[in-house]
2 protein chains.
Amino acid sequence: MPTLINQQYRLAARPVGAPRHSDWSFTSEPVRDIADGEIIVQTIYISLDPAMRGWMNEGKSYIRPVAIDEVMRAGGIGKVIASRSTKFKTGDYVCGGTGVQQYWAGAADDKAAAFHKVDPQLAPLPKYLNALGMPGMTAYFGLLDVGQPKAGETVVVSGAAGAVGQTVGQVARQKGCRVVGIAGGQEKCDFVVNELGFDACIDYKAGALREGLKQHCPDGVDIYFDNVGGEILDTVLTCINLKARIIICGAISQYNSTTPVKGPSNYLSLLVNRARMEGIVVFDYAARYGEAVAAMGQWMAQGKFQTREDIVVGIEGFPDALMMLFEGKNFGKLILQMGEE
Amino acid sequence: MPTLINQQYRLAARPVGAPRHSDWSFTSEPVRDIADGEIIVQTIYISLDPAMRGWMNEGKSYIRPVAIDEVMRAGGIGKVIASRSTKFKTGDYVCGGTGVQQYWAGAADDKAAAFHKVDPQLAPLPKYLNALGMPGMTAYFGLLDVGQPKAGETVVVSGAAGAVGQTVGQVARQKGCRVVGIAGGQEKCDFVVNELGFDACIDYKAGALREGLKQHCPDGVDIYFDNVGGEILDTVLTCINLKARIIICGAISQYNSTTPVKGPSNYLSLLVNRARMEGIVVFDYAARYGEAVAAMGQWMAQGKFQTREDIVVGIEGFPDALMMLFEGKNFGKLILQMGEE
């Protein structure tokens, strides 16, 4: 095999506020030879996720921070182009921690990368980074295990047109819940209602979230799946029912803040309503991913479950594409295409 | 019976910030005659609770607000001095919603007052407003039902020398937990450790809460029972363990604030730690109070369970006595004595 050149984005500096171009270094190096038990994966798609912003910070979290000068962590889909492992063969498509780079080389059973095979015949590859990947698993287990929805309850989800929100709402619909999304802009709201089948969607940018919640949740809010934090979380807290469950999945409105995170001023609504706010981290459910893939795969096959991806092409676009998330500019699960399928 | 004159504190105005004397009216009126099924209760003790501040506000909560010009709501202990009911006889001691007044007249089975008999031979009357009353029930069910403590876990409780805190810590000790209190001032901390048997107590006024938590909770915090909110809640959130439970019982630091409540900036620690924050309202457990009284009564009889009351004498002292709670000036469960036993 001729020497392959691997282009990579590495973390150059820990961002203060929104990540800037100077927080990244764009490097290239030859792909190294592999030893017994190792593989080379050519990255095709990587997932761009709000959580990536957290990985760029120092400090204790649910996963270690990306080190300075390390290749940026990312989940991706790629093709095995060389294998000295019995686990994967050349031509296999795999999903795992490729990082923001064109090629990944290492042990086929590397724990951090955690590669597993995916079948491009069963679903288009980008779906494995959306409903059939981390965002889907997060939505499925966060809603069902933490939220414990019952038929007839009202579920509200923020970031409704985003990767996690799409799936939360559709799973909740399958469980017989009334589903109300919150999204930014009429186009996203229309998509969520018309394409994904939510009962309603409130455009928070229109400035009448509380009125919208009152209108579309006439029986109050039983479950709120929060991807955004900030003012939206605070507003939903004023509309929750007795024994409501609030699933804390993320707080994209706060990740680039240079002032302290805005805590939910209305948290005492938890007391008044004997309600519960609980965090979810998807990795806790790794042993049960198959269960979620089977359920959602079946709904997809039955035409009851849609997903939408927003695919940006070219590794050079990584820094700007990542910022789309925080500016609400992506429409659907944001994916960066790094190479040809 | 000669005409009895009933002195009362009524809500004159809804307070802005800390209640002032002008927010109260001190009135008197003759005690009315009673009809069939009714009783007159002479109030002996009333319970002064942080929750009373919330009842003075307008707006939806777990209980309706006290109306302007209404006698202030309070739980109390009194003696039945006249009865035309078969439920209670003259001379019975009862516990229920007496209000801040010397005499209560009405139906023996009044739902809001919810009187039930107490036995002064089994325990001194003030205990029925402390561990054997609402604070004790709140502590018992909040800790055990919401917190689900397991032997060996670390439980932290704020307001540790207060009515709820005392009981939370002692119940947790009975369940085999390591118990660390947070209280204001060395004297309260000494009491909590030396008299109540907590493993440690941190004086938050000494200004090193985080260091104290690190020192006294070497294995992190599994359960935090929060009575205070504000900075203390935010600091404890930085020390919680995976799957921690935070019981929101109150937020005394915030009740008189004229600015918006300070939400917990560190609430994303719930996400990182897959932890849970949940509110408790004691009335939900009314059907099970007997269970708690039996358990704590037994521990008291075995000399394993202490409580401390701080008794202020005289109805005229009500407005200032209530403020002691918010200034941390009470030492033990705060009670106002309205009449002789």
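Anything mentioned here points back to the structure above.
Residues numbered from 1 in each chain as written. Chains lettered and ligands numbered in written order. Predicted model: local features only at pLDDT ≥ 70, side-chain atom pairs only at ≥ 80, totals over all residues. Heavy atoms only, no water.

Q: Help me get a handle on the overall build of chain A, residues and values and all.
A: Helix and strand content of chain A: nine helices and 15 strands. By the compact-globule yardstick of 20 Å for 341 residues, chain A fits well, its C-alpha radius of gyration being 20 Å. The dimensions of chain A, computed from C-alpha atoms along their principal axes, are 65 × 45 × 35 Å. Taken across its 341 residues, chain A has 59% of its residues classed as buried. Put simply, of all contacts in chain A between residues at least 6 apart along the chain, 67% involve residues at least 24 apart. Counting every atom, chain A has about 13,800 Å² of accessible surface; 50% of that belongs to carbon and sulfur. Taking the 33 positively charged and 36 negatively charged side chains of chain A as two groups, their mean positions are separated by 5 Å. (Helix = DSSP H or I, 4+ residues; strand = E, 2+ residues; numbered from the N terminus. Rg over C-alpha atoms; globule rule 2.2 N^0.38 Å. Buried < 20%, exposed > 50% of the residue type's maximum accessible area, 1.4 Å probe, protein only. Contact = heavy atoms within 4.5 Å. Areas by Shrake-Rupley, 256 points an atom, 1.4 Å probe, with all protein chains shown as cover. Lys, Arg positive; Asp, Glu negative; His and termini not counted. Charge placed at Lys NZ, Arg CZ, Asp CG, Glu CD.)

Q: Any chance you could break down the pairing of strand β8 (residues 154-158) of chain A for me, citing the residues and the numbers?
A: All names here are of chain A. Summarising burial for β8: five of the five residues are buried, a large majority. Alternating positions in β8 separate into two faces, T154, V156 and S158 on one and V155 and V157 on the other, with burial throughout. Here β8 pairs with strand β9 (residues 178-183) via five bridges, running parallel. By the bridge assignment for β9, T154 is matched with R178. Bridge count for β8 against strand β11 (residues 221-226) is three bridges, and the pairing is parallel. For V155, the partnering residue across the bridge sits in β11 and is I223. (Pairing = 2+ DSSP bridges.)

Q: How would you explain the nonpolar core if you had to name every residue and give the values?
A: Among the nonpolar cores identified, the biggest contains 80 residues, and Y224(A), M277(A), Y224(B), M277(B) and F318(B) are the most heavily contacted of them. If you tally residues by element for this core, the top one is helix α9 (residues 318-326) of chain B, at seven residues. If we skip the residues at most four places from it in the chain, F318(B) touches Y9(B), W24(B), I46(B), L48(B), M52(B), M72(B), V100(B) and L336(B). (Core = buried A, V, L, I, M, F, W, Y, C linked by side-chain atoms within 4.5 Å.)

Q: Go over the interface of chain A and chain B, please, and point to the residues and values.
A: Interfaces are often described in size by the accessible area the parts lose on coming together. Listed by partner, the interface residues are 33 residues for chain A and 33 residues for chain B. Here chain A and chain B share an interface that buries about 2,700 Å² over both sides, 61% of which is from carbon and sulfur atoms. Our count for the chain A to chain B interface comes out at two salt bridges. In this structure, R274(A) and D284(B) form a salt bridge, with 2.7 Å as the shortest nitrogen-oxygen distance. Taken together, the connections running from chain A to chain B amount to seven residue pairs in polar contact (both at pLDDT 80 or more). For the side of chain A that touches chain B, the secondary-structure elements that each account for two or more residues are α6 (230-237), β12 (240-248), α7 (269-272) and β13 (276-279) of chain A. Residue contributions to the side of chain A that touches chain B peak at four residues, all from β13(A). For the side of chain A that touches chain B, a count of residues per class yields 18 nonpolar, eight polar and seven charged. (Buried area = accessible area lost by both parts, 1.4 Å probe. Salt bridge = Lys/Arg side-chain N within 4 Å of Asp/Glu carboxyl O. Polar contact = N/O pair within 3.5 Å; in protein donor to acceptor, adjacent residues only side chain to side chain. Nonpolar A, V, L, I, M, F, W, Y, C, P; charged D, E, K, R; others polar.)

Q: Can you lay out the pattern of salt bridges for me, pointing to particular residues and giving the numbers?
A: With the rule as written, the count across this model stands at 34 salt bridges over all chains. Residue K150(A) pairs with E153(A) through a salt bridge whose shortest N-O separation is 3.9 Å. According to the relative accessible area criterion, K150(A) is partly exposed, its value standing at 49%. Here K89(B) makes a salt bridge to D92(B), at a shortest N to O gap of 3.4 Å. For D92(B), a relative accessible area of 6% translates into the label buried.

Q: Account for the packing of aromatic side chains, with residues named and values stated.
A: On inspection of all chains with the given rule, the structure shows 18 aromatic pairs over all chains. Ring centres of W104(A) and F115(A) lie 4.8 Å apart, and the angle between their planes is 75°; on these two criteria the pair is classed as edge-to-face. With W104(A) in strand β6 (residues 103-107) and F115(A) in the loop between β6 and β7 (116-118), this residue pair connects regions lying 11 residues apart in the sequence. On the basis of relative accessible area, W104(A) is assigned to the buried category, the value being 10%. A relative accessible area of 4% means that F115(A) is categorised as buried. Relative to Y285(A), the ring of F141(A) has its centre 4.9 Å away and its plane inclined at 10°; by these criteria the two rings are stacked. In this pair, F141(A) sits in helix α2 (residues 134-147) while Y285(A) sits in the loop between β13 and α8 (289-301), placing the two residues 144 residues apart along the sequence. Comparing F141(A) with Y285(A) shows no difference in burial state: the two are buried. In this structure an aromatic cluster arises from ring pairing among Y9(A), W24(A), F26(A) and F318(A). The aromatic ring of W55(A) is capped on one face by R73(A), whose charged end is 5.1 Å from the ring centroid. Above the ring of F191(B), the side-chain terminus of R308(B) is found at 5.2 Å from the ring centroid. (Phe/Tyr/Trp six-rings, centres within 6.5 Å; stacked < 30°, edge-to-face > 60°. Lys NZ or Arg CZ within 6 Å of the ring centre and 35° of its normal.)

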